[in-house]
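# Report on the structure
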Amino acid sequence: MKFQSIALAAMLATLSSLTPSAALAQEKVQFFPSLTGRTGPVAPNATPFANGYADYMKLVNARGGINGVKTLVEECETAYATDRGVECYERLKGKHGGATVFQPLSTGITFALTEKVPTDKIPLITSGYGRSDSADGSIFKWNFPLIGHYWVAGDTVLQHIAKKEGGWDKLKGKKIGVVYHDSPFGKELLPILQERSKMHGFELQLLPVPAPGVEQKAIWLQVRQQRPDFVVMQTWGVMTATAIKEAVATGYPRDKMFGTWWSGAEPDLKDVGAAAKGYSAVMMQHGAEPDAPVVKEILTKVHDKGQGTGPKEEVGQVLYMRGVVGAMLSVEGVRAAQERFGKGKVMLGDNARWGYENLNLTQAKLDALGFKGVMRPVSTSCFDHMGSAWARVHTWDGAKFTWASDWLQADDQIIKPLVKASAEKYAAEKKLTRREPADCQS
Amino acid sequence: MLYRENGQFKTSYRSDSQVFPIAQDRIGIWLLLAFAVIGVPLLADEYLFRAVLIPFLILSLAALGLNILVGYCGQISLGTGAFMAVGAYAAYNFMVRIEGMPLLGAVLLGGACATVVGVLFGIPSLRIKGLYLAVATLAAQFFVDWAFLRISWFTNNSSSGSVSVSNLNFFGIAINTPTEKYLLCLGFLIVFAMAAKNLVRSHVGREWMAIRDMDVAAAVIGIRPVYAKLTAFAVSSFIVGVAGALWGFVHLGSWEPAAFSIDRSFQLLFMIIIGGLGSIMGSIFGAAFIVILPIFLNQALPALGALVGVTISTAAVAHTELMIFGALIVFFLIVEPHGLARLWSIGKEKMRLWPFPH
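Residues numbered from 1 in each chain as written. Chains lettered and ligands numbered in written order. Predicted model: local features only at pLDDT ≥ 70, side-chain atom pairs only at ≥ 80, totals over all residues.

## Section: the overall build of chain A
Condition: Note on conventions: DSSP H or I runs of at least 4 residues are helices, E runs of at least 2 residues are strands, and numbering of each starts at the N terminus. C-alpha atoms define the radius of gyration, and 2.2 Å times the number of residues to the power 0.38 defines the globule rule. Exposed residues have 12 or fewer other C-beta atoms within 10 Å of their own C-beta, buried residues have 20 or more, and partly exposed residues fall in between, where C-beta atoms are placed from the backbone. A pair of residues counts as a contact when their C-beta atoms, built from backbone coordinates, are separated by no more than 7 Å.
When its secondary structure is counted, chain A shows 17 helices and 14 strands. For chain A, the C-alpha radius of gyration of 22 Å lies close to 22 Å, the compact-globule estimate for 442 residues. Reported as C-alpha extents along the three principal axes, the dimensions of chain A are approximately 65 × 60 × 50 Å. Across the 442 residues that make up chain A, the buried fraction comes to 57%. Considering only contacts within chain A whose residues lie at least 6 apart along the sequence, 71% involve residues at least 24 apart.

## Focus: the overall build of chain B
Looking only at helices and strands, one finds 14 helices and four strands in chain B. A compact globule built from 358 residues should have a C-alpha radius of gyration of about 21 Å, and chain B, at 21 Å, falls within 12% of that. Referenced to the eigenvectors of the C-alpha coordinate spread, the extents of chain B come out at roughly 65 × 65 × 45 Å. Across the 358 residues of chain B, 46% fall into the buried class. Sequence separation of at least 24 residues holds for 75% of the intrachain contacts in chain B that already meet a minimum separation of 6.

## Concerning the packing of helix H10 (residues 217-226) of chain A against helix H11 (residues 238-250) of chain A
Residues and elements named next belong to chain A. The following threshold applies: Helix axes use the C-alpha atoms of the stretch in contact, all axes being lines fitted to C-alpha atoms, and the angles between their N-to-C directions lie in the range 0 to 180 degrees. When describing relative orientation, an angle under 35 degrees is termed roughly parallel and one over 145 degrees roughly antiparallel, while 65 to 115 degrees is termed roughly perpendicular and anything else oblique. Less than a right angle of anticlockwise turn of the near helix away from the far helix marks a crossing as left-handed, whereas a clockwise turn marks it as right-handed. Each residue receives one of three labels: charged for Asp, Glu, Lys and Arg, nonpolar for Ala, Val, Leu, Ile, Met, Phe, Trp, Tyr, Cys and Pro, and polar for the others, Gly being one of them.
Look at H10 against H11: their axes get within 10 Å of each other, and the N-to-C directions meet at 45°. In terms of their interaxial angle, H10 and H11 are classed as oblique. As for how H10 packs across H11, the hand of that crossing is right-handed. Along the contact surface, H10 presents Lys217, Trp220, Val223 and Arg224, while H11 presents Glu246, Ala247 and Thr250. Among the residues making up the contact of H10 with H11, the classes are represented as three nonpolar, one polar and three charged.

## A look at the packing of helix H3 (residues 46-72) of chain B against helix H7 (residues 178-201) of chain B
Residues and elements named next belong to chain B. H7 packs onto H3 with a crossing angle of 20° between their chain directions and a minimal axis gap of 9 Å. With respect to their mutual orientation, H3 and H7 come out roughly parallel. In this structure, H3 crosses over H7, and the sense of that crossing is left-handed. Residue-level inspection shows Glu46, Phe49, Arg50, Leu53, Ile54, Leu57, Ile58, Ser60, Leu61, Leu64, Ile68 and Tyr72 of H3 in contact with H7, the latter providing Pro178, Thr179, Lys181, Tyr182, Cys185, Leu186, Phe188, Leu189, Phe192, Ala193, Ala196 and Val200. Split into classes, the residues belonging to the contact of H3 with H7 amount to 19 nonpolar, two polar and three charged.

## Topic: unusual backbone geometry
Phi is positive for A:Tyr80, which is not a glycine, with a value near 65°. Mapped onto the secondary structure, A:Tyr80 falls in the loop between strand E2 (70-77) and helix H4 (82-92).

## Points about the nonpolar core
The cut-off we apply is this: Nonpolar cores are built from buried Ala, Val, Leu, Ile, Met, Phe, Trp, Tyr and Cys residues. These are joined into a set through C-beta atoms within 7 Å. Note that the domain bounds were set by an automatic or database domain assignment.
Judged by nonpolar contacts, the single largest core of 233 residues is most densely connected at B:Ile58, B:Leu61, B:Ala91, B:Cys185 and B:Leu246. When residues in this core are grouped by element, the largest group, 18 residues, is from H3(B). Viewed by domain, this core spans two of them, domain 1 (21-147 + 289-379 + 421-441) and domain 2 (151-284 + 392-410) of chain A, each represented by three or more residues. Those residues in contact with B:Leu246 that lie beyond four places of it in its chain are B:Ile58, B:Val107, B:Cys185, B:Phe188 and B:His251.

## Observations regarding the interface of chain A and chain B
Between chain A and chain B, the residue contacts involve 39 residues of the former and 32 residues of the latter. Among the elements of the structure, helix H1 (2-18), E2, H4, helix H5 (107-114), helix H8 (184-187), helix H9 (190-200) and helix H17 (412-430) of chain A are those that each provide at least two residues to the side of chain A that touches chain B. Considered class by class, the residues forming the side of chain A that touches chain B number 13 nonpolar, 11 polar and 15 charged.

## A few points about the domain arrangement of chain A
Residue and element names in this part refer to chain A. Domain annotation for chain A reports domain 1 (21-147 + 289-379 + 421-441) and domain 2 (151-284 + 392-410). Opposite the 15 residues of domain 1 that make contact, domain 2 presents 18 residues. Taken together, the elements giving at least two residues each to the side of domain 1 that touches domain 2 come down to helix H3 (43-62), H5 and helix H14 (318-341). In terms of residue count, the dominant contributor to the side of domain 1 that touches domain 2 is H5 (three residues).

## Quick word on the environment of A:Trp390
All names here are of chain A. When you line up the elements, Trp390 lands in strand E12 (residues 390-396). Its 20 C-beta neighbours within 10 Å are what place Trp390 among the buried residues. For the pair Trp390 and Gln409, spaced 19 residues apart in the sequence, the C-alpha separation amounts to 4.7 Å. When neighbours within four sequence positions are excluded, Trp390 is seen to be in contact with Met284, Gln285, Arg376, Trp407 and Gln409.

## Thoughts on the pairing of strand E9 (residues 280-284) of chain A
Residue and element names in this part refer to chain A. Quick reminder of the rule: Pairing between strands is defined by DSSP: at least two bridges between the two strands are required.
In terms of residue burial, E9 counts as a mostly covered element, since five of its five residues are buried. Of the pairings in the sheet, the one linking E9 to E12 comprises five bridges and is antiparallel in character. When the bridges of E12 are listed, Met284 appears paired with Ala391.

## A few points about H14(A)
Residue and element names in this part refer to chain A. Test applied: In this scheme, a helix's expected span is set at 1.5 Å multiplied by one less than its residue total.
Along its 24 residues, H14 runs 34 Å from first to last C-alpha, staying within 8% of the 34 Å computed at 1.5 Å per residue. Here H14 lies mainly inside the structure; 21 of its 24 residues are buried. Directly after H14, the chain includes Gly342, whose backbone phi takes a positive value near 125°.

## Examining the confidence of the model for chain A
Rules: For every residue, the predictor assigns a confidence score, pLDDT, that lies between 0 and 100.
Taken residue by residue, chain A gives an average pLDDT of 88. The fraction at 70 or more is 94%. In the model, residues 12-25 of chain A has pLDDT below 50 throughout and makes 11 contacts with residues more than four positions away in sequence or in other chains.

Okay, structure coming up:
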């Protein structure tokens, strides 16, 4: 009997906790849900992202909203687990007048949500993660890997290595070890590396690390045995720090190690400190930007008012900036959509999708937003959901990151066919057809 | 007062061997089923269906399967996640590779493949017992994880190792809306729960329980341990495999081996321990506890905080959720080590003695 009354009370409380969103929905807000990873295996890295995302949205409100429409962020914790991520998505998608866009920050969750967003009509921005083939907008109508995906990162990191060696032909016969997270996140990188290895005759040594990646002794012993000329790392969360510590222990030179977009941020390296000196990682568009105008504006308009989301010293770090850039792209898509569907109105997911598909962030616009020196222009279309393929490489000097390369651009000639083939395979499996040109106007 | 079987005489063998011998139980179960089939679709919203009820039903089914093996036959298994994965990936392959494969066919064939793998990994149970067997079934978990990550044929050569299905169709009815998905899962659960309930009352079930209680004595009275243990593995893996296929097809839609990791195996084992070993109802209680409680806590805590004017950060909510959840597990296990199902039956006993329970 006691149990029954507890159960009844629990049921009632659940029902009551599900309803309060109705009151808030009356206000005119643009709702940006935020799926966070503040706990779990990627917490050190995913937390700054969530903070940056939230802070930029506050800054947008301090600047007067999106043509007067205020933004609202509500977080839901996924702990990087796919099933919790799906639950969060279901929880948030209908709140506060409907979600504008989701940024799951997890490849597993992205794969699961890719199946759900077309019916719910909510776009998905997956900058630098998720499905690389979703850059093909004519098959993936709702997915936007804006500013790059795994293959862009993989291609540019190899370009950087080739440049350092003095040309692609110098890579012939060389051996490149690939330390990757043994999951879709890690494996998504491989097609571009395999393609390049076929083209230029270097050998790949694949070194998968089981999740969450804290046990890497065996992998680095293999590295020591086989002495690859370079090591490329596709790691995330606690895994990166572990890899670098193991490399230090094995004595593998850090200046021969190159991370991809998710494997080179302050939380990964600050514990290792000076020992990690020389480690590089490829950064699509932004890196650590403590001097960017937008960072200064966040500090004065958000943090100095006591409304900052995370610690102040994190503002401007790599992953914080990633959150800021992610939020900026979310907001600018809505602004673009407002141009077409009505300024100062709340955009539904469907409208926002049009905005993301017709983004045209010129350098002047980016500079005005405070992203001078942080980003290069991004412009998307119905067929290209990526918008830009620019990247730079930065190197850890023992205490902070410094730029080690000029702007690199991923080779369209190689990536386009890969994206097309993979997207078509997906479409064939799902029995989807390419969108008609007429559909682009919708 | 109402819940009393006085005056209900059993005049035939049929009535004596009913699943629910007490009339009030029968009425109760019919009302419950009617509520689940008709009432819930009218009341629940999309969130409740997609995020709470569907995972709850599917994991109930998986826990039910595991309970047959662990609760009824006494063979501890840590390979449940693996058998779910076999069910899901096998069903996926049948769906992708055979043109026009019906959903039901794929799911059941997935279950059949899980049966084969389950029996294979059940063979060591003939020699080893208890915790040692648990460790041996752990091998299934690691092997299956490895196989689906490494052998690209299983994932139809997808570059990322993640597979997905869509356009579900049950005998010509498209399964798209959450209500349809819910009813599909509910149908599976009802059919399998009834089948399992009858199975454990049959001679096979009694053999399982005999093996569980004392295998030497069971062998002496003429029960073949090989047959009893392997049938338990087979039936359990089949149900678990079907649940795995549903988890992939209906709940996630797209999945990777991590969806069926060792964590899933532990989660299911905790479900049946908390719910009640050797009880069909217990599997469902356990699944409810483990699936619904964390989600409930996660939403109730910020609401509770707002009530007293405190904003709790997302991370703090996640940590508190884990702490309260852990404390509740310990609390329930201390209060009733035999699980929630036992609390339920104690409750029923008290009802029968009402108004003078002792």
